[in-house]
Each structure stands twice: as structure tokens, then as C-alpha cells.
Amino acid sequence: MKNTGQKMQVAPGHLLLPPERWFASFVLERRRTQQTSSLSLLDHNYGPEGIALMAAGTVTAFPGQVIGCVGIVFLLSSGGHGPHFAAGYLLMGVGVLLVIPGSIRYVQRIYAGRRFRGDSPFVKRVRA
């Protein structure tokens, strides 16, 4: 997508961090150019704002989950003492601090979907 100097409204009414805004813009552009049945289902259930918030939550929460898991590995390898023990707790704390805002974005996505759908029901994919 060519930048025409205009800022695209990714998730109006929501303050997104720069990585969240970048990834949400990327996902929305990809959604616009490559339509699949899964994306059609997401469009119906959450709308563009909900999809942007889902992308923003993913780009924040996923690194937090990975960092938290690395912290657990450090704790297990430390034997309960030493610098690895402290680093494990530090990494787990940083992971939690990243997962919390990502989780908040997921909750915001649910409310955005409800606003977008109005009275329409939530559509589930039926597997054949």
C-alpha cells in the first residue's frame, strides 16, 4: 500500500503502540488483498476494528508468552539458586507485563465485534 501522507485509522478510538499499529496495518492490508473463507468469517464476526485489535493483541502477547516460557526454562535450569534463578523470575515478570496489554486488546476485540455485528449473531465455522 502506497503511503499518501494520510494516516490510516487502524482502530479508531484506541491508542495503539507503534508495533501494534504497524502489525494491525499489515494484517488489514493483507486482509484487503487476499480474501479467504477464514478472513470472511473474521470480517463478519469482528469487522475491521476487531481484526486490527486482534492483530495488536497478538503482536504484544505472543512475545510475552515466549519470554515467560524462557523464564520458566531459566528457573528450571537454575536448581533454585544463582543468577539463572533471578533471571528466570525477571523474564517471567517481563512476560506477564507484555501478556496483560495483549489480553486487554483481545477483550477490546470482542466488544468491537459486538458493536460491528449489532443484532447479527456470531457465526461459527461448520466443518464438513
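Residues numbered from 1 in each chain as written. Predicted model: local features only at pLDDT ≥ 70, side-chain atom pairs only at ≥ 80, totals over all residues. Heavy atoms only, no water.

Asker: Is there a simple way to think about helix 2 (residues 37-78) in this case?
Answerer: Residues lying three or four places apart along an α-helix face the same way, a consequence of the helix completing one turn every 3.6 residues. Taking 1.5 Å of rise per residue, the 42 residues of helix 2 would be expected to cover 62 Å, yet its terminal C-alpha atoms sit only 47 Å apart, more than 12% below that figure. The largest bend along helix 2 measures about 100 degrees and falls at Tyr46, with the proline Pro48 one to four residues further on. Downstream of helix 2 by one or two residues, Gly79 has phi in the positive range, about 75 degrees. (Helix = DSSP H or I, 4+ residues; strand = E, 2+ residues; numbered from the N terminus. Expected span 1.5 Å × (residues − 1). Bend = angle between axes of the 7 residues up to and from the residue.)

Asker: Sorry if this is basic, but what is going on with the environment of Ala87 here?
Answerer: Structurally, Ala87 is set in helix 3 (residues 83-117). Here Ala87 falls in the partly exposed class, since its relative accessible area comes to 24%. Sequence separation between Ala87 and Val70 is 17 residues; the distance between their C-alpha atoms is 9.7 Å. (Buried < 20%, exposed > 50% of the residue type's maximum accessible area, 1.4 Å probe, protein only.)

Asker: Sorry, what's going on with the packing of aromatic side chains here?
Answerer: We describe a pair of aromatic rings using the distance from one ring centre to the other and the angle between the two ring planes. Scanning the entire structure with this criterion turns up four aromatic pairs. An angle of 15 degrees between the planes, with centres 5.9 Å apart, marks the rings of Trp22 and Phe26 as stacked. One end of the pair is Trp22 and the other is Phe26, both in helix 1 (residues 18-33) and four residues apart, which spans about a single turn. Note on Trp22: relative accessible area 56%, which makes it exposed. Judged by relative accessible area, Phe26 falls into the partly exposed class, the value being 43%. With a centroid separation of 6.1 Å and an interplanar angle of 25 degrees, the aromatic rings of Phe23 and Phe26 are classed as stacked. Here Phe23 pairs with Phe26, and both are found in helix 1, just three residues apart, close to one helical turn. With relative accessibility at 22%, the residue Phe23 sits in the partly exposed group. One aromatic cluster in this structure is built from Trp22, Phe23 and Phe26. (Phe/Tyr/Trp six-rings, centres within 6.5 Å; stacked < 30°, edge-to-face > 60°.)

Asker: Help me out: how do you make sense of the nonpolar core in this one?
Answerer: Proteins that are soluble and globular tend to have nonpolar side chains buried together. Among the nonpolar cores identified, the biggest contains five residues, and these are Ala24, Leu28, Ile51, Ala52 and Ala55. Mapped onto this core, the elements with two or more residues apiece are helix 1 and helix 2. By residue number, the principal contributor to this core is helix 2, which donates three residues. (Core = buried A, V, L, I, M, F, W, Y, C linked by side-chain atoms within 4.5 Å.)

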